[in-house]
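Examining the three-dimensional arrangement
Spelled out, the chains give:
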Amino acid sequence: VHRGMRRVRTAGCALVLAAAGCSGGSGDDFAAEANAVCADYDERIAAIETPADLDALSGSAEEIAALIEEGTAALRELEPPEDLADGFGKWLELNDEAAANARQISAAAEAGDRERIVELAALAERGERRRARRGARPRGMPGRGGLEAS
């Protein structure tokens, strides 16, 4: 249970940070704003205690999903530079997927389905590794460290 929740949290944090954005041209302000949003939500997600049992896991996963959704909504309010809007939109979609995954983990925990929890956590982790291997981030997209506008 602990490992599964950590995987979900890691995936959620990475997606929120990855969605932060882009750089270039008029992207200086955008990058600074996106980094501020991501830093705030990364901190809030990291503050969630690792649950000790399935009941706690259900609540933690719901809390993580809500934070991912809030962070994504805040990022959607930003206007990326035109040349990076498509890539930024794709990362927002990945955040939506991470929130949905966290909600599925919550439901599985509530149902006592440990096997499904592990399966969902592994899916989130594999998706992150696959995107990293493919270099799926558009130009200027950060890893976990934030952005630098060019």
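This is a predicted model, so every value here is computed, not measured.

1. Here we look at the overall build of the protein chain
Helix and strand counts for the protein chain stand at 5 helices and 0 strands. Starting at the N terminus and walking to the C terminus, you meet the elements of the protein chain as α-α-α-α-α. Out of the 150 residues in the protein chain, the part that is buried amounts to 46%. Taking the intrachain contacts of the protein chain between residues at least 6 apart in sequence as the baseline, contacts between residues at least 24 apart amount to 78%. About 7600 Å² of surface is accessible on the protein chain, with carbon and sulfur atoms providing 45% of the total.

2. Observations concerning the nonpolar core
If you look at soluble globular proteins, the nonpolar side chains tend to sit buried side by side. By size, the foremost hydrophobic cluster in this structure holds 18 residues, and its most contacted members are Ile45, Ile64, Leu67, Ile68, Leu75, Leu78 and Phe88. No other element matches the 6 residues that helix α2 (residues 27-46) contributes to this core.

3. Quick look at the confidence of the model for the protein chain
The predicted model of the protein chain averages 74 in pLDDT, with 66% of residues at 70 or higher. Mean pLDDT values for the elements of the protein chain range from 47 in helix α1 (residues 2-18) up to 92 in helix α3 (residues 54-76). Predicted confidence for residues 8-25 stays below pLDDT 50, and this span has 79 contacts to residues more than four positions away or in other chains. This stretch, residues 134-150, has a pLDDT under 50; its non-local contacts, to residues over four places away or in other chains, come to 50 contacts.

4. Remarks on the packing of α3 against helix α4 (residues 85-111)
Two elements in contact, α3 and α4, have axes separated by 8 Å at closest approach and are oriented at 165 degrees. Classed by the angle they form, the pair α3 and α4 counts as roughly antiparallel. Crossing angle aside, the handedness with which α3 passes α4 is left-handed. Partitioned by chemical class, the residues of the contact of α3 with α4 number 15 nonpolar, 4 polar and 7 charged.

Reading the values: the criteria
Residues numbered from 1 in each chain as written. Predicted model: local features only at pLDDT ≥ 70, side-chain atom pairs only at ≥ 80, totals over all residues. Heavy atoms only, no water. Helix = DSSP H or I, 4+ residues; strand = E, 2+ residues; numbered from the N terminus. Buried < 20%, exposed > 50% of the residue type's maximum accessible area, 1.4 Å probe, protein only. Contact = heavy atoms within 4.5 Å. Areas by Shrake-Rupley, 256 points an atom, 1.4 Å probe, with all protein chains shown as cover. Core = buried A, V, L, I, M, F, W, Y, C linked by side-chain atoms within 4.5 Å. pLDDT = per-residue confidence, 0-100. Axes fitted to C-alpha atoms, helices over the stretch in contact; angles between N-to-C directions. Parallel < 35°, antiparallel > 145°, perpendicular 65-115°, else oblique. Left-handed = near helix turned anticlockwise from the far one by under 90°. Nonpolar A, V, L, I, M, F, W, Y, C, P; charged D, E, K, R; others polar.

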